[in-house]
Amino acid sequence: MKIAIVRERTEGETRVAATPETVAKLIGLGASVTIERGAGELARFPDADYKAAGAEIAASADAALRGAEIILTVRRPAPALLRGVARGALVIGAMDPYGNEGEVAALAATGATVVAMEFMPRITRAQVMDILSSQANLAGYQGVIDAAANFDRAFPMMMTAAGTIRPAKVFVMGAGVAGLQAIATAKRLGAVVSANDVRPAAKEQVESLGGKFVAVEDEEFKQAETAGGYAKEMSVAYKEKQAALTASHIAKQDIVITTALIPGRPAPKLISKAMVESMLPGSVIVDLAAERGGNVELTQPGKIVAHKGVTIVGYTNVPGRLATSASQLYARNLLAFVETLIDKQSKAFAVNWDDELVKATVLTRDGAVVHPNIKVAEAVKSAAQPKAAAATRKPAAKKEAAAAGAAPAKKPAAKKASPSRPGPAVKPAAAKKPAAKGTK
Ligand code: NAD
């Protein structure tokens, strides 16, 4: 049973899908592991360490992939990369399928079985495999560090012989995994922290970390959480009320960190140009939603911009800014999933296609796109898939295919996009998840 890891080819991607630690564990499960030369270099895992862990180092991606039954990746690989891959090989990574349905169809045509780790259900058994949480947790931390690095003042209150410096005021918008870690990190640095969210459950979590919760708490707010614990789109009236409250709050802040996301949709715009202009010069906004279009009207994804003295930090791939830590956690998430695909007795590759984790995450199989949330236009489907496989699928509306999208920055999705997590087939985890790791 061969497992392969290749160097990431997406521009700016620094992470790697396996570390020497996880390689040793994969080998312990009975696999042989081959790594493309230099795959871990940007995350500071040298080839020699992989070799010491028992991996073979291949000189090229083709050589690494030849005969592999499992391929671990960080980003969705280009279909061309998988051309020589054995039919049925499992390709496991963050596939970002919404808005990229054509690419998913092209991957299906290679015959590979593509698994989207971001579709992992948020149930207790799969917490260890939750790449969204592991990466968002680090992004929340790094967002505060980036804010501090771009801020010309200190975070904590300092009482010195030369006088007192007041603590920085930090406002975190969106208190999910990234937001809670941002709150905890800013508190540790000594800031006065407040936060908001459209999910009522977030209030208690923010307060448990010592933050002040800022939200319009009307009936709509109380109903706002969906069964899966995620935010839903709010009404125009609510958004106006919330915007008025946040506008007056933002004007008094030194730092704002935005983390608001809605599964399957572009990031909601929460900070207008006027709100940016209401902040004092020297203030900093870090937009952690930049990769999904941004929460701030003036964000330029991938850039740091200044507007009337306010710095707006729009890094994309924030977890990649902590490539070593992010790879360590990501690789462990993948290892935990791969463990479920290997028979412990025979040490052979044995996928249980009826396992809810497998059903929720498999995008393509036997040449076809099989995930119910991924609607591929008929034209794309027939071009990409063998006829036999095509007969087994439901027709998809053109409109949905064009629209669906968790909107990467450059491709905003239309309003009727599907939710970005697999839905009803899987029981969602309780909304009351404890705060991000290490926040207590
Ligand atoms: P996310 O990344 O989808 O969104 C980030 C946050 O933005 C969310 O809290 C969301 O409510 C908030 N948001 C959306 N629109 C907003 C707006 N207009 N204003 C302010 N905030 C807005 O969310 P996430 O971090 O993946 O977490 C979502 C939920 O899932 C949380 O309750 C989290 O605790 C829970 N969760 C559960 C598990 C588990 O049980 N295994 C694992 C991870 C997260």
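As a reminder, the structure under discussion sits directly above these lines.
To keep things clear, this report deals only with the structure shown in the data block.

Quick notes on the rules
Residues numbered from 1 in each chain as written. Predicted model: local features only at pLDDT ≥ 70, side-chain atom pairs only at ≥ 80, totals over all residues. Heavy atoms only, no water. Core = buried A, V, L, I, M, F, W, Y, C linked by side-chain atoms within 4.5 Å. Buried < 20%, exposed > 50% of the residue type's maximum accessible area, 1.4 Å probe, protein only. Helix = DSSP H or I, 4+ residues; strand = E, 2+ residues; numbered from the N terminus. Pairing = 2+ DSSP bridges. Right-handed = clockwise from strand over helix to strand, strands pointing away. Arc of directions from axis to C-beta. Near = heavy atom within 4 Å. Polar contact = N/O pair within 3.5 Å; in protein donor to acceptor, adjacent residues only side chain to side chain. Areas by Shrake-Rupley, 256 points an atom, 1.4 Å probe, with all protein chains shown as cover. Contact = heavy atoms within 4.5 Å. Axes fitted to C-alpha atoms, helices over the stretch in contact; angles between N-to-C directions.

1. A short note on the nonpolar core
Ile3, Leu72, Ile92 and Phe337 are the most contacted members of the largest nonpolar core, which has 42 residues in total. Of all elements in the fold, only strand 1 (2-5), helix 1 (20-28), strand 2 (32-36), strand 4 (70-72), strand 5 (90-93), helix 11 (323-339) and helix 12 (356-361) reach the threshold of two or more residues within this core. Residue contributions to this core peak at seven residues, all from helix 11. One finds Ala139, Ala202, Ile257 and Val284 within the second-largest nonpolar core, a separate group that totals 36 residues.

2. Section: the pairing of strand 10 (residues 192-196)
Every other side chain in a regular strand lies on the same face of the sheet, so the side chains alternate between the two faces. Taken across its five residues, strand 10 has four buried, putting it largely inside the fold. Both strand 9 (residues 169-173) and strand 10 contribute to a ladder of five bridges, which runs parallel. In the strand pairing of strand 10, Val170 is matched with Val193. The handedness of the strand 9 to strand 10 crossover, carried by helix 6 (residues 177-188), is right-handed.

3. With respect to helix 4 (residues 101-109)
Turning to helix 4, its buried residues are Glu101, Val104, Ala105, Leu107 and Ala108. Mapping the buried residues of helix 4 onto a view down its axis gives an arc of 160 degrees, with all of them on the same face. Two residues or fewer after helix 4 comes Gly111, characterised by a positive phi angle close to 90 degrees.

4. Points about the site of the ligand
Neighbouring the ligand are 26 residues; Arg122, Ser133, Val177, Asp197 and Arg199 lie closest to it. In this structure, an oxygen atom belonging to the ligand sits 3.3 Å away from a main-chain N or O atom of Leu261. Compared with its free state, where it exposes 840 Å², the ligand has 94% of that area covered by protein.

5. Thoughts on unusual backbone geometry
You will see that Arg44, though not glycine, has its phi angle at about 65 degrees, which is positive. On the secondary structure map, Arg44 appears in the loop between strand 2 and helix 2 (47-52). Here the phi dihedral of Asp366 falls at roughly 50 degrees; this positive angle occurs in a residue that is not glycine. Summarising the element assignment, Asp366 is placed in the loop between strand 16 (364-365) and strand 17 (368-369).

6. Some thoughts on the environment of Leu363
Its place among the elements puts Leu363 in the loop between helix 12 and strand 16. Leu363 sits in the buried class, given a relative accessible area of 0%. Separated by ten residues in sequence, Leu363 and Asn373 have C-alpha atoms that sit 8.9 Å apart. Once you skip the residues sitting within four places of it in the chain, Leu363 turns out to touch Met95, Pro97, Val104, Val114, Ala116, Phe119, Ala368, Val369, Val370, His371 and Ile374.

7. Examining the sheet that holds strand 3 (residues 56-58)
Spatial strand order, 3-2-1-4-5-6: six strands in an open sheet with parallel pairing. Both outer strands of the open sheet, strand 3 and strand 6 (113-116), are each paired with one neighbouring strand and no more. Between one strand and the next, the sheet's axes are offset by a mean angle of 25 degrees, whatever the strand orientation. Summarising the sheet, strand 5 and strand 6 pair through four bridges and their orientation is parallel. Bridging from a neighbouring strand, Leu90 pairs with Thr113 of strand 6.

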